[in-house]
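Reading the structure
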Amino acid sequence: MRGVIVPLVTPFNEDYSIDVQALEEHLEFLQKVGVHGIFINATTGEFTSLSVEERKFLAEKGRELVNASFYLVGTASSNTFEVVELTKHAQDIGADYVVIAPPYYCPLNDEALFTHYSMVAERTDIPIILYNIPACANPLSVSLIKRLALEYSNISGVKETIDSVNHVRDVILEVKGERKDFKVFTGLDQHFLNTLVLGGDGGIMACANFAPEVHLALYKAFQEKRFEEAFEHARRLAKLSMVYDLASSFGSAIKLAMSLRGFSIKPVLRPPYLMDGEDVKEGIRKLLAEVLG
């Protein structure tokens, strides 16, 4: 698995129920444009606002609908046994990978984090992508990622949502250096090109919900060694990623951008997240016009 992977938004109706029709339309669109992977129950998908039953429902629905891309399911929780339960479920329905962010709220050292992931890895067979997102959860150190990757063959890669080129460099050199099949993805649109240049495998990036053509064009140009073109797309992505700075949350930024680009997904977030108002929407409108025309 390499390339452009989309951490999917979860579409909601005005009453906060899951909008299944919009989900179906969006999955059809993403597969039609040719993204390499689709990741359901992601941070962008507001997984912390979903019940276990809803997460299983979405995982099953996604598996039913995704047939042209790799299929990834988020199974993170601060309850280790819930992670095991959700990971087993993803395995049973035939997902290709699970993506597991570390526990949040409770501060944990590397030994506790190692135990958490090892309990999941030992009870399941599905390939696991670690998810390092230190702004929202316990951070994963390079040494911990390396220990997990070398000890468990089913720990297959990492998503790095961290604004640090050096950290990603160290993971690529120290972990991929010893285990060639270990995958390293950026979670940040603006770090897509430099992750590829360093020897990473791609990106799992939220702006690909509404502008996957830019990510795909960058990846294709890079693969075909058309570097001037890749640089141009990277500059566009760097500017596009400023959408996160304009809004109060990932979800608000992405759903407002999607509504402005004509997607059927409604600008509805589940509490405690709130949709931003017209001033933020206008800022995003200007940004999209500048970058996407």
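Residues numbered from 1 in each chain as written. Predicted model: local features only at pLDDT ≥ 70, side-chain atom pairs only at ≥ 80, totals over all residues. Heavy atoms only, no water.

What follows covers the side chain of Asp276. One can find Asp276 in the loop between helix 11 (250–260) and helix 12 (278–292). We note that Asp276 is buried and unpaired, the nearest opposite charge coming from Lys281 at a distance of 12 Å. Among the polar contacts listed, one links the side chain of Asp276 to the backbone nitrogen of Ser248, at a separation of 2.8 Å. Looking at Asp276, its side chain comes within polar contact range of the side chain of Ser252, at 2.7 Å. With sequence-adjacent residues up to four places away left out, Asp276 is seen in contact with Ala247, Ser248, Ser249, Ser252 and Leu256. (Helix = DSSP H or I, 4+ residues; strand = E, 2+ residues; numbered from the N terminus. Buried < 20%, exposed > 50% of the residue type's maximum accessible area, 1.4 Å probe, protein only. Lys, Arg positive; Asp, Glu negative; His and termini not counted. Salt bridge = Lys/Arg side-chain N within 4 Å of Asp/Glu carboxyl O. Polar contact = N/O pair within 3.5 Å; in protein donor to acceptor, adjacent residues only side chain to side chain. Contact = heavy atoms within 4.5 Å.)

Reported here for the largest pocket is a volume of approximately 360 Å³. If you trace the largest pocket, you find 18 residues lining it, with Thr43, Ile133, Cys136, Phe250 and Tyr273 closest to the centre. Residue classes in the lining of the largest pocket are distributed as 11 nonpolar, 6 polar and 1 charged. (1 Å grid on protein atoms, 1.4 Å probe; cavity = no way out; pocket = protein on both sides within 12 Å on 5 of 7 lines; lining within 4 Å. Points joined across faces, edges and corners; volume = space filled by probe spheres on them. Nonpolar A, V, L, I, M, F, W, Y, C, P; charged D, E, K, R; others polar.)

Here Gly262 is to be found in the loop between helix 11 and helix 12. Note on Gly262: relative accessible area 63%, which makes it exposed. Put simply, Gly262 and Pro107 are 155 residues apart on the chain and 41 Å apart in space, counted from C-alpha to C-alpha.

Looking now at the UniProt feature "binding site: pyruvate" (unreviewed entry) in the protein. Mapped onto the present numbering, the UniProt feature "binding site: pyruvate" (unreviewed entry) falls at Thr44 and Ile204. Spanning 161 residues, the named residues nonetheless gather at one spot, since no C-alpha pair among them exceeds 10.7 Å. Of the residues annotated just before, the largest cavity has Thr44 and Ile204 among its lining. Here Thr44 is to be found in the loop between strand 2 (37–40) and helix 2 (52–65). You can call Thr44 buried: its relative accessible area is 4%. Apart from residues no more than four positions distant in its own chain, Thr44 is found in contact with Pro7, Leu8, Val9, Thr10, Ala206, Asn209 and Ile254. Not counting residues up to four positions away in its chain, the partners in contact with Ile204 are Ile5, Pro7, Phe39, Lys159, Phe185, Thr186 and Gly187. (UniProt positions renumbered as here; feature names shortened; annotations may be inferred.)

Read once around its circumference, the closed barrel built from 8 strands follows the order 1-2-3-4-5-6-7-8, with strand pairing classed as parallel. Each strand of the sheet is rotated relative to its neighbour by a mean of 25°, with strand direction disregarded. Two strands pair when backbone bridges link them, and strand 7 (residues 183–186) and strand 8 (residues 202–204) are joined in this way by 2 bridges, in the parallel orientation. If you follow Thr186 over to strand 8, its bridge partner there is Gly203. Of the strands in this sheet, strand 2 and strand 3 (70–74) touch helix 2, which is tilted by about 180° from strand 3. (Pairing = 2+ DSSP bridges. Axes fitted to C-alpha atoms, helices over the stretch in contact; angles between N-to-C directions.)

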